[in-house]
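Below, each chain spelled out in residue letters.
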Amino acid sequence: MKLELPNLSKYSWLLLLTALLCSAGLMNLYSISLLAGLGAFKKQLIWVLAGLLTVAIISRLRPLTLRNHSLTFYLFFLVLLALIFVFGKTVSGSRSWFQIGPVSVQPSEFIKIGIIMVLANYYANEVATKENYNSVELLKPIALLLVPTAAVIAQPDMGTAITILLIGSSVILLLGISRKALLQIIIIALISIVPVWHFLIKDYQKERIYSFMDTSSDPFGISYNSIQSQIAIGSGMGFGKGFSLGSQSNLNFLPAHHTDFAFSVISEEWGFRGSVFILLLYFSIILFILNIATSLEDRFATIACFGIAAMFFWHGVINIAMVTGLLPIIGTPLFFISYGGSSILTAFIGIGIVLCLRKK
């Protein structure tokens, strides 16, 4: 008997994969919250419903509306980043949140969407189509990227700043850079390493880098989270311990198990098979977005969709590398899996934009 996949459009597949991944994230959060109460799960469920409503609204917009207001979105999110220094709430040493009653909002997540949209608009409207851009032509897009990055670094939130840089740089590199301009950027980056290390990197961030290079140096201090995450992942082995039976999370050995290390819980409870299933869902979403991007005739839509794919890609790569000990812990969530209203709403906005731009 031949097994055939349902004859769905790539947009339907994108929605289906998103729904499956989001459901897996909710189920994982429910498992984590069973012993401590279902408060986090209920909040996340509300954010998911808000995200679905957001997708429905954005997907019904005209693509030209997104294009014409891309700079407005960017400036709006930039103003929110500025206001965070006046009205923001400090969490874990970083002034990155607005507290509105019981709701916490992190503007630095939304600026990723703003950067993608404004860069797509710049390359589609203001610069002639060409293969490689020189230093002068790169000044504006680099400035558009560095201004919000600097604001996020000042909070300080180096992890989010790195993610923003990677997303924006991916879009810029996609459109092409001349060899001379690329060499100049590399030289400036190398020269910047010393002042960045001494003046921008905080002491606790330096300790994370040191502990990453030698986790045995402080196993009960700065290296504790990374070690416990790797123990949780390894203990799941092939088939896992079962739903809500993960000892590392239930016994609170694994800190931040509902946010940064949510994937570690999946690995412990569902093992290698569960981890692979989640990764297949996640990166299939990226592939479908890229497929949509290459099928669109409008330059703005193609670039914007690529930027959304880059946002998902870097969040996935950094989070998985972080929880497996391949990168220092920098607090990057895994979209639809990690708990957090701002991050999940950002992911839904990205999906909504892709669905909107599919229209001519």
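Since the model is a prediction, treat every value here as computed from it, not as a measurement.

Here's the deal with the overall build of the protein chain
So, step 1. Scanning the protein chain from terminus to terminus reveals 14 helices and three strands.
So, step 2. C-alpha atoms of the protein chain, sized along the principal axes, occupy 60 × 55 × 45 Å.
So, step 3. The proportion of buried residues among the 360 residues of the protein chain is 48%.
So, step 4. Contacts spanning at least 24 positions in sequence make up 71% of the contacts within the protein chain whose residues lie at least 6 apart.
So, step 5. Within the protein chain, the 15 negative side-chain charges are centred at a point lying 9 Å from the centre of the 23 positive side-chain charges.

Things to note about helix α4 (residues 70-87)
So, step 1. Across its 18 residues, α4 extends 25 Å between first and last C-alpha, which sits within 8% of the 26 Å expected from 1.5 Å per residue.
So, step 2. Considered for burial, the residues of α4 that qualify are Ser70, Tyr74, Phe77, Leu78, Leu81 and Ile84.
So, step 3. Buried positions along α4 lie against α3 (63-68), β2 (94-100), α5 (107-125) and α6 (135-153).

Regarding the nonpolar core
So, step 1. Within the largest apolar cluster, 93 residues are counted, with the highest numbers of intra-cluster contacts made by Ile289, Phe312 and Phe336.
So, step 2. Beyond its immediate chain neighbours, meaning those up to four positions away, phenylalanine 336 contacts Thr18, Leu21, Cys22, Gly25, Phe312, Ile344, Ala347, Phe348 and Ile351.

Details of unusual backbone geometry
So, step 1. Here the bond from glutamine 155 into proline 156 is cis, since omega is -5°, no more than 30 degrees from zero.
So, step 2. Phi at phenylalanine 336 is positive, roughly 70°, even though this residue is not glycine.
So, step 3. Relative to the elements of secondary structure, phenylalanine 336 occurs in the loop between α13 (299-323) and α14 (341-357).

With respect to a nonpolar patch on the surface
So, step 1. Taken together, the side chains of Val79, Leu83, Phe85, Val86 and Phe87 make up a nonpolar region of the molecular surface, amounting to roughly 470 Å² of accessible area.
So, step 2. Within the secondary structure, phenylalanine 87 is located in helix α4.

Quick word on the sheet that holds strand β1 (residues 89-91)
So, step 1. Taken in spatial order, the three strands line up as β1-β2-β3 in an open sheet, and their pairing is antiparallel. Edge strands, defined here as strands with exactly one partner in the open sheet, are β1 and β3 (103-105). Taking the axes of each pair of neighbouring strands and ignoring which way they run, one obtains an average angle of 50° across the sheet.
So, step 2. Summarising the sheet, β2 and β3 pair through three bridges and their orientation is antiparallel. Residue isoleucine 100 lies in a different strand from β3, and its bridge partner there is valine 103.
So, step 3. Sheet strands in contact with α4 are β1 and β2, and its direction is about 90° off that of β2.

Concerning α14
So, step 1. Taking 1.5 Å as the rise per residue, α14 with 17 residues should run 24 Å; its terminal C-alpha atoms sit 24 Å apart, in good agreement.
So, step 2. Burial analysis of α14 places 17 of its 17 residues in the buried class, the great majority of the element.

Comments concerning the packing of helix α12 (residues 262-295) against α13
So, step 1. Interaxial distance between α12 and α13 falls to 9 Å at its minimum, and their mutual angle equals 165°. Here α13 runs roughly antiparallel to α12, going by the angle between their axes. For the element pair α12 and α13, the recorded crossing hand is left-handed.
So, step 2. The class makeup of the residues in the contact of α12 with α13 is 18 nonpolar, five polar and no charged.

Some thoughts on the pattern of salt bridges
So, step 1. Tallying each qualifying case throughout the model produces three salt bridges.
So, step 2. One salt bridge in this structure joins glutamate 109 and lysine 112, with 3.0 Å as the shortest N-O distance. Pair noted here: glutamate 109 and lysine 112 are both in helix α5, with a separation of three residues, about one helical turn. For the pair glutamate 109 and lysine 112, a shared accessibility class is recorded, and that class is buried.

A word on the confidence of the model for the protein chain
So, step 1. When pLDDT is averaged along the protein chain, the result is 85; 91% of the residues meet or exceed 70.
So, step 2. The low-confidence segment residues 1-5, where pLDDT is below 50, has one contact with residues more than four positions distant or belonging to other chains.

A word on the environment of threonine 302
So, step 1. Summarising the element assignment, threonine 302 is placed in helix α13.
So, step 2. Separated by 143 residues in sequence, threonine 302 and glycine 159 have C-alpha atoms that sit 27 Å apart.
So, step 3. Setting aside anything within four residues of it in sequence, one finds threonine 302 in contact with Ala293 and Leu296.

Some points on the pairing of β2
So, step 1. Bridge count for β1 against β2 is three bridges, and the pairing is antiparallel. Counted as the bridge partner of lysine 89 is tryptophan 97 from β2.
So, step 2. In this antiparallel pair of consecutive strands, β1 and β2, the connection spans two residues, and serine 92 shows a positive phi of 55°.
So, step 3. As consecutive antiparallel partners, β2 and β3 are separated by two residues, and within that stretch glycine 101 has a phi angle of approximately 65°, a positive value.

Some words on the packing of helix α8 (residues 179-200) against helix α9 (residues 203-213)
So, step 1. α9 packs onto α8 with a crossing angle of 120° between their chain directions and a minimal axis gap of 9 Å. It follows that α8 is oblique to α9 by the angle criterion. Mapping the contact onto sequence places Trp197, His198 and Leu200 in α8 and Gln205, Lys206, Ile209 and Tyr210 in α9.
So, step 2. Here the residues of the contact of α8 with α9 are counted per class, giving four nonpolar, two polar and one charged.

The rules behind each value
- Residues numbered from 1 in each chain as written.
- Predicted model: local features only at pLDDT ≥ 70, side-chain atom pairs only at ≥ 80, totals over all residues.
- Heavy atoms only, no water.
- Helix = DSSP H or I, 4+ residues; strand = E, 2+ residues; numbered from the N terminus.
- Buried < 20%, exposed > 50% of the residue type's maximum accessible area, 1.4 Å probe, protein only.
- Contact = heavy atoms within 4.5 Å.
- Lys, Arg positive; Asp, Glu negative; His and termini not counted.
- Charge placed at Lys NZ, Arg CZ, Asp CG, Glu CD.
- Expected span 1.5 Å × (residues − 1).
- Core = buried A, V, L, I, M, F, W, Y, C linked by side-chain atoms within 4.5 Å.
- Patch = residues over 30% accessible without salt bridge, like charges linked within 9 Å, V, L, I, M, F, W, Y side chains within 5 Å.
- Areas by Shrake-Rupley, 256 points an atom, 1.4 Å probe, with all protein chains shown as cover.
- Salt bridge = Lys/Arg side-chain N within 4 Å of Asp/Glu carboxyl O.
- Pairing = 2+ DSSP bridges.
- Axes fitted to C-alpha atoms, helices over the stretch in contact; angles between N-to-C directions.
- Parallel < 35°, antiparallel > 145°, perpendicular 65-115°, else oblique.
- Left-handed = near helix turned anticlockwise from the far one by under 90°.
- Nonpolar A, V, L, I, M, F, W, Y, C, P; charged D, E, K, R; others polar.
- pLDDT = per-residue confidence, 0-100.

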